[in-house]
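# Chain and residue survey
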Amino acid sequence: MDIGYFLNERIEFIRQFYNTASAPYIERKRKIEAEEEPFVPPYSEDGEPPFIDKWIEAEESLQVLAYSCVSMLAAALHLYFETWIKQSRCPVNESLKKSVFKKKGWLSGYKAHFSQQFAIQFDATTINYPLLEEVILARNCIQHPPSITSPKTQYAKSDLKKLRHPFFVDDREATLSLDVTENDRAWFFPPTLHVTNDQLIAAITEVERFAHWFEAEIEKKIYKRYTSNKTN
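Each value, and the rule that gives it
- Think of each chain on its own: its residues are numbered from 1, step by step along the sequence as written.
- Where local features are concerned, this predicted model is filtered to residues with pLDDT of at least 70; where side-chain atom pairs are given and counted, the filter is 80 or more; whole-chain, interface and lining totals use all residues.
- The side-chain figures draw on all heavy atoms in the structure; neither hydrogens nor water molecules are used.
- By definition, any uninterrupted DSSP run of H or I lasting at least four residues is a helix, any uninterrupted run of E lasting at least two residues is a strand, and each is numbered from the N terminus.
- Three labels apply to residues, based on accessible area from a 1.4 Å probe with only protein chains included: buried if under 20% of the type maximum, exposed if over 50%, partly exposed otherwise in between.
- For this analysis, a polar contact is any N or O atom pair within 3.5 Å, provided that within protein one partner can donate a hydrogen and the other can accept it, and provided that sequence-adjacent residues contribute only side-chain to side-chain pairs.
- Within this analysis, the arc is defined by the directions that extend from the helix axis to the C-beta atoms.
- Here a residue-residue contact requires only that any non-hydrogen atoms of the pair lie within 4.5 Å.
- Lines fitted to C-alpha atoms define the axes here, with helix axes fitted over just the stretch in contact, and angles between the N-to-C directions of these axes take values from 0 to 180 degrees.
- If an angle is under 35 degrees, it is roughly parallel; if it is over 145, roughly antiparallel; if it lies from 65 to 115, roughly perpendicular; otherwise it is oblique.
- Note on residue classes: Ala, Val, Leu, Ile, Met, Phe, Trp, Tyr, Cys and Pro are nonpolar, Asp, Glu, Lys and Arg are charged, and everything else, Gly too, is polar.
- Any Lys or Arg side-chain nitrogen located within 4 Å of an Asp or Glu carboxyl oxygen qualifies as a salt bridge.
- Any two rings among Phe, Tyr and Trp, with Trp reduced to its six-membered ring, count as a pair given centres within 6.5 Å; such a pair is stacked if its planes are under 30 degrees apart, edge-to-face if over 60, and tilted if neither.
- Using a grid of 1 Å spacing that covers the protein atoms alone, one calls a set of points a cavity when a 1.4 Å probe fits there but cannot get out, and a pocket when the set is open and has protein on both sides within 12 Å along at least five of seven lines; lining residues are those with an atom within 4 Å of a point.
- Grid points are joined across faces, edges and corners, and a volume is the space filled by probe spheres set on the points.
- In this analysis, the expected span of each helix is defined as 1.5 Å times one less than the number of residues it contains.

What follows covers the side chain of Gln199. Within the secondary structure, Gln199 is located in helix α8 (residues 197-231). Classification of Gln199 by relative accessible area gives buried; the value is 11%. Within polar-contact distance, the side chain of Gln199 engages the backbone oxygen of Val169 at 3.0 Å.

Within helix α3 (residues 94-104), the full set of buried residues consists of Leu96, Val100 and Phe101. Down the axis of α3, the buried side of the element spans an arc of 90°, and every buried residue falls inside it. Opposite the buried face of α3, at more than 90 degrees from it, the exposed residues are Ser95, Lys98, Lys102 and Lys103. Looking at the packing, one finds that the buried side of α3 touches α4 (106-118). The backbone nitrogen of Ser95 lies 3.2 Å from a side-chain oxygen of the residue at the head of α3, namely Asn93.

This paragraph deals with the packing of α4 against helix α5 (residues 129-143). Axis separation between α4 and α5 bottoms out at 10 Å; the angle between their running directions is 135°. One finds that α4 runs oblique with respect to α5. In this structure, α4 contributes Trp106, Leu107, Ser108 and Lys111 to the contact, and α5 contributes Tyr129, Leu132, Glu133 and Ile136. In terms of residue class, the contact of α4 with α5 is made up of 5 nonpolar, 1 polar and 2 charged.

To continue, consider the pattern of salt bridges. Under the definition given, this model contains 10 salt bridges. A salt bridge links Arg209 to Glu206, with the nearest nitrogen and oxygen atoms 2.5 Å apart. One end of the pair, Arg209, and the other, Glu206, are both in helix α8, 3 residues apart, so they sit about a helical turn from each other. Among the residues examined, Arg209 registers a relative accessible area of 34% and is labelled partly exposed. Each of Glu12, Arg15 and Glu208 takes part in salt bridges that share partners, so that together they form one network.

This next bit is on the side chain of Ser108. Following the sequence through the fold, Ser108 ends up in helix α4. With sequence-adjacent residues up to four places away left out, Ser108 is seen in contact with Val100 and Tyr129.

As a further point, take the packing of aromatic side chains. With the rule as written, the count across this model stands at 23 aromatic pairs. Between the aromatic rings of Phe13 and Phe17, the centroid separation amounts to 5.9 Å while the plane-to-plane angle is 5°, which identifies the pairing as stacked. Taken together, the residues Phe13 and Phe17, both in helix α1 (residues 3-34) and 4 residues apart, mark about one turn of the helix. On the basis of relative accessible area, Phe13 is assigned to the partly exposed category, the value being 43%. Look at Trp213 and Phe214: their rings are 6.5 Å apart centre to centre, the planes differ by 55°, and that puts the pair in the tilted class.

Here the largest pocket defines a volume of roughly 490 Å³. Within the residue set of the lining of the largest pocket, elements represented by two or more residues are α2 (52-88), α3, α4, α5 and α6 (157-162). Counting residues per element, the lining of the largest pocket draws most heavily on α5, which supplies 7 residues. Tallied by class, residues from the lining of the largest pocket come to 8 nonpolar, 4 polar and 7 charged. Counted as a void, the second largest pocket has a volume near 210 Å³. When the residues that make up the lining of the second largest pocket are grouped by side-chain class, the tally is 1 nonpolar, 7 polar and 4 charged.

Take the environment of Ala76 next. Within the secondary structure layout, Ala76 lies in helix α2. Excluding residues within four positions of it along the chain, Ala76 makes contact with Leu7 and Arg10.

Further remarks concern α4. Three- or four-residue spacings in an α-helix give side chains the same orientation, since the helix completes a turn every 3.6 residues. The first and last C-alpha atoms of α4 sit 17 Å apart over 13 residues, in line with the 18 Å expected at 1.5 Å per residue. For α4, the complete set of buried residues consists of Leu107, Ser108, Gly109, Tyr110, Ala112, His113, Phe114 and Phe118. One or two positions beyond α4, positive phi appears at Ala119, with a value near 55°.

Below, the structure is given as C-alpha cells:
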C-alpha cells in the first residue's frame, strides 16, 4: 500500500474542506465590516456595533470549522503511523504501550517504537516536532471542552505547564501571555484555543514535511531489514 498517497489524499480533503466551508463566513465578516448589503447599518444611537451577533456567529463558525480540521489532521497522522506499523509487520510491544503510550501519549509512543524497531530518530530531523505535538494537544482540547457556554475551547492549565507559548492562540492573547511571569502562571486564565487559516496551513505543512521525511527513512530501514533477512 502507498501509505503516503493516502495521507496526502486526506490532507488535500482537509484543505479543500476548510477553503470551501470557510468562504461564506469570511465573506459575511467582510460585508459586515465594509457595511455592504445586506449588512448596511440602520441609524442607531445605542453605540453597539451593528450586526455584531452575526459577526460573532461567523467568527465562532470559522473556529469550529478549524477545530474540525485540526482534529482530522491529528487523526490522519495517527492512522498514518498505525498503517506503517501494520505494513512493517512490527507490532508495538506491550511494555512500550504501558511505559510510553499510556503515560506520554501516542506520538511519543510511536517515536519510541520506530526508534526501537528501526533506529529512526525523530529528533535528528529539521521537522518542527513540537508543532506535531501541539496538533495532538489541540485535538484533545477540542474533544474535551471545559464549558457548555461557548463553542470555543481553551487550553487547560496542565497544557500551559508543557507549553511556554502555545501555537494556536490569537495575537492579542499571545501578547498578553508574554507579560505574565512564571509565578503568575498558576492563576493566569488559560487562553482560548484559536486556529487561524495561516496556523492551520502551517500545521498541515509540517505534517506533510514530516511524512515526506519519515517515508524515506522507514522505506530505507525496511528494505535494509528485508535484504539482510534474505542474505541470512
